[in-house]
Amino acid sequence: MSTVNALFGSMVFNEGVMQSRLPKDTYKSLKKTIHTGVPLDISIANVIATVMKEWAIEKGATHYTHWFQPMTGITAEKHDSFITPADDGAVIMEFSGKELIKGEPDASSFPSGGLRATFEARGYTAWDPTSYAFVKDKTLYIPTAFCSYGGEALDKKTPLLRSMEALNKQALRILRLFGRHDAKRVYTTVGAEQEYFLIDEKLYKQRKDLIYTGRTLFCAKPPKGQELEDHYFGAIKPRVKAFMAELDEELWKLGVLAKTEHNEVAPAQHELAPIYTTTNIITGRCVLTPAIICWSRGSRRMKMRNFFCFSARSSRRWMSIRIFCVFRLPARVMIIASAPTKRRLLSSLCSWVMS
C-alpha cells in the first residue's frame, strides 16, 4: 500500500487539485459559488468541465455520471461517455459546462411522494459544487441534487442542502445578537458510524432466510445475549483485519475519512467510524462506503433485490465471503457482510432483526 498521505483523496477532484489545475480567476469564481451560492457563469463552468474531464481521463475514466439520491433507498446514476464523433469518423473526448451543471434523467419511474403524476417525467439533476467529484470504476462521479421542473425535491440531498441553508441563516442571526458580525457562514457537521456483520460464505449458503430475504426468519435462541463483552473491543482476527485494511485503502482513495474500526458486542459484528465533517459531504460518504465494501477488488457477480447481494472471491484471505447490504439513506446505513469461523456463532445473529 502507498503511503497514506499519497493515497488519501487520490481519486477525488478536491480543493488541492482544483487550485493546482484551474486558472486563478476560475478557481476564485468557483470558491465564491461554493461559499456564497452565487450562480456560476457558463463560461467558468466550461473551463471547470474541461479541466475536470482531463483529470478524470488521467485517472482512467471513460464515462461520467450525475450521482444522486432519489427516494428509492439507494443511489442512482446514468453513465455517459466522453466521446463525441469527429468529421473524419474518429471520436474526440469532450465534456461541456452544460453537461457538468445540469442533467435531465427520466424521472417518471422515481418516487415523488405523491407530488405529481407518473407521466410527468421531467426531472433535473443539478451539480452540487460543495461535494467533490471523484473517479470510481472508470467513471467520473458528479454529486448532484435531483428535482422536478417545478422545483419540488425528488431526492434526499435537496432537503438536506435547504436545511443546512436554513440553519446557517438562523445561526448567523443569533451570532449577530451576540455581536459576532465577523462570521460569514455557519456549517453543520456530523459523523455517522456504520456497523456491519461478517458472515463466512459457506455458512451463509446454509441460511436460506439470509439468501432470499436478507434477514433472519428462523433460528435457535442465541447462547448469549447482549452481554458478550468478551468480543466488544476484542482483538481483531487476521481475516477480518485483512478485510478492514483493504477497505480502508479503497475508502482513503475516495477521500473518506475512515478513522476508527473495532469489534462490536455481538460475534462477527464490527464498526467503522469516520471523522465528522460538513453534513452534505459526510452524507455522500456514508452512502459511498457500503458501495465500496460491496465492490471491493475480487467482486465477481451481483444479485439485486430489496438488498444487494455480492459474491466475492480472490486470493486474499478475507475474500471467501458473501456480502449483502441493506441501505437506509441518507442517515444511518446498516451493512451485513461476512466472517465468523464457527457455525455456532451464527446463532448469535438470530436476535438481529432489521426493520
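Worth saying up front: this structure is predicted, and the values here are computed from it rather than measured.

Some remarks on the overall build of the protein
Right, so step 1: Assigned secondary structure in the protein consists of 10 helices and 18 strands.
Right, so step 2: A total of 355 residues make up the protein; the buried ones form 48% of that total.
Right, so step 3: For the protein, restricting intrachain contacts to residue pairs at least 6 apart in sequence, the fraction spanning at least 24 positions comes to 63%.
Right, so step 4: Accessible area for the protein stands at about 18,300 Å²; split by element, carbon and sulfur atoms hold 57% of it.

Overview of the packing of aromatic side chains
Right, so step 1: Applying the stated criterion across every chain, the model contains 10 aromatic pairs.
Right, so step 2: Grouping aromatic residues by their ring pairs yields a cluster made of Tyr-64, Phe-82 and Phe-95.
Right, so step 3: Here Arg-185 stacks its cationic end above the ring of Tyr-187, 5.7 Å away from the centre of that ring.

A few points about helix α6 (residues 157-177)
Owing to its 3.6 residues per turn, the α-helix brings residues three or four apart onto one side.
Right, so step 1: Taking 1.5 Å of rise per residue, the 21 residues of α6 would be expected to cover 30 Å, and the 31 Å separating its terminal C-alpha atoms lies within 8% of that figure.
Right, so step 2: Among all positions of α6, only Lys-157, Thr-158, Leu-160, Met-164, Asn-168 and Leu-172 are buried. The buried residues of α6 all sit within an arc of 165 degrees when viewed along its axis, so they share a single face. Away from its buried face, by an angle of more than 90 degrees, α6 presents the exposed residues Lys-169, Arg-173 and Leu-177.
Right, so step 3: Of the residues trailing α6, Gly-179 is marked for its positive phi of about 85 degrees.

What about the pairing of strand β9 (residues 139-148)?
Right, so step 1: Counting buried residues in β9 gives nine out of 10 residues, a clear majority hidden from the surface.
Right, so step 2: Pairing of strand β2 (residues 63-67) with β9, which is carried by five bridges, proceeds in the parallel orientation. Of the residues in β9, the one forming a bridge with His-66 is Ile-142.
Right, so step 3: Pairing of strand β7 (residues 123-127) with β9 involves five bridges; the strand directions are antiparallel.

Looking at unusual backbone geometry
Right, so step 1: The backbone of Asp-137 shows a phi angle near 55 degrees, a positive value even though the residue is not glycine.
Right, so step 2: Assignment of secondary structure puts Asp-137 in the loop between β8 (133-136) and β9.
Right, so step 3: By relative accessible area, Asp-137 is classed as exposed at 52%.
Right, so step 4: For Lys-138, which is not a glycine, the phi torsion comes out positive at approximately 60 degrees.
Right, so step 5: Along the chain, Lys-138 turns up in the loop between β8 and β9.

A few points about the pairing of strand β12 (residues 258-263)
Right, so step 1: In this sheet, strand β13 (residues 269-274) lies alongside β12 in antiparallel orientation, the contact comprising five bridges. For Ala-258, the partnering residue across the bridge sits in β13 and is Pro-274.
Right, so step 2: Hairpin remark: β12 followed by β13, antiparallel, with five residues in the connecting loop; positive phi at Ala-268, about 75 degrees.

Here we look at helix α10 (residues 279-294)
Right, so step 1: Its 16 residues place the ends of α10 24 Å apart at the C-alpha level, agreeing with the 22 Å of an ideal helix rising 1.5 Å per residue.
Right, so step 2: In terms of burial, α10 is largely enclosed, as 16 of its 16 residues are buried.

Some remarks on the side chain of Lys-136
Right, so step 1: In this fold, Lys-136 is placed in strand β8.
Right, so step 2: A polar atom in the side chain of Lys-136 sits 3.3 Å from the side chain of Asp-137.
Right, so step 3: Filtering out sequence-adjacent residues up to four positions away, Lys-136 remains in contact with Tyr-141, Leu-254, Leu-288 and Ile-292.

Focus on the pattern of salt bridges
Between side chains of opposite charge, a pair can form when the charged atoms approach closely.
Right, so step 1: Tallied over the entire structure, the rule returns 12 salt bridges.
Right, so step 2: Two residues, Glu-15 and Lys-31, come together in a salt bridge whose shortest N-O distance is 2.6 Å. Placement of the pair is Glu-15 in helix α2 (residues 15-21) and Lys-31 in helix α3 (residues 24-36), with a sequence separation of 16 residues.
Right, so step 3: You can call Glu-15 partly exposed: its relative accessible area is 28%.
Right, so step 4: Lys-31 gets classed as buried once you look at its relative accessible area, which sits at 18%.

A closer look at the nonpolar core
Right, so step 1: Ranked by size, the top nonpolar core spans 48 residues in total, and within it Phe-13, Ile-48, Met-52, Phe-95, Leu-100, Trp-127 and Leu-140 carry the most contacts.
Right, so step 2: At eight residues, helix α4 (residues 42-58) tops the list of elements feeding residues into this core.
Right, so step 3: Not counting the four nearest positions on each side in its chain, Phe-95 is found in contact with Ala-49, Thr-50, Lys-53, Tyr-64, Phe-82, Leu-100, Leu-140 and Ile-142.
Right, so step 4: Core analysis: the next-biggest nonpolar cluster, separate from the first, contains five residues, Ala-76, Ala-107, Phe-146 and Leu-154 among them.

A closer look at the packing of α3 against α4
Right, so step 1: The geometry of α3 relative to α4 is characterised by a closest axis approach of 10 Å and an angle of 110 degrees between their N-to-C directions. Our classification of the angle between α3 and α4 gives roughly perpendicular. Residues Thr-26, Ser-29 and Leu-30 of α3 form the contact with α4, whose own contacting residues are Ile-44, Val-47 and Ile-48.

Section: a nonpolar patch on the surface
Right, so step 1: Together, Ile-83, Val-91 and Met-93 give the surface a local cluster of nonpolar side chains, amounting to about 250 Å² of exposed area.
Right, so step 2: For Ile-83, a relative accessible area of 46% puts it in the partly exposed group.

Some points on the environment of Ala-171
Right, so step 1: Tracing the backbone through its elements, the reader meets Ala-171 in helix α6.
Right, so step 2: Residues Ala-171 and Ala-183, 12 residues apart in the sequence, show an inter-C-alpha distance of 10.0 Å.

How each quantity is defined
Residues numbered from 1 in each chain as written. Predicted model: local features only at pLDDT ≥ 70, side-chain atom pairs only at ≥ 80, totals over all residues. Heavy atoms only, no water. Helix = DSSP H or I, 4+ residues; strand = E, 2+ residues; numbered from the N terminus. Buried < 20%, exposed > 50% of the residue type's maximum accessible area, 1.4 Å probe, protein only. Contact = heavy atoms within 4.5 Å. Areas by Shrake-Rupley, 256 points an atom, 1.4 Å probe, with all protein chains shown as cover. Phe/Tyr/Trp six-rings, centres within 6.5 Å; stacked < 30°, edge-to-face > 60°. Lys NZ or Arg CZ within 6 Å of the ring centre and 35° of its normal. Expected span 1.5 Å × (residues − 1). Arc of directions from axis to C-beta. Pairing = 2+ DSSP bridges. Polar contact = N/O pair within 3.5 Å; in protein donor to acceptor, adjacent residues only side chain to side chain. Salt bridge = Lys/Arg side-chain N within 4 Å of Asp/Glu carboxyl O. Core = buried A, V, L, I, M, F, W, Y, C linked by side-chain atoms within 4.5 Å. Axes fitted to C-alpha atoms, helices over the stretch in contact; angles between N-to-C directions. Parallel < 35°, antiparallel > 145°, perpendicular 65-115°, else oblique. Patch = residues over 30% accessible without salt bridge, like charges linked within 9 Å, V, L, I, M, F, W, Y side chains within 5 Å.

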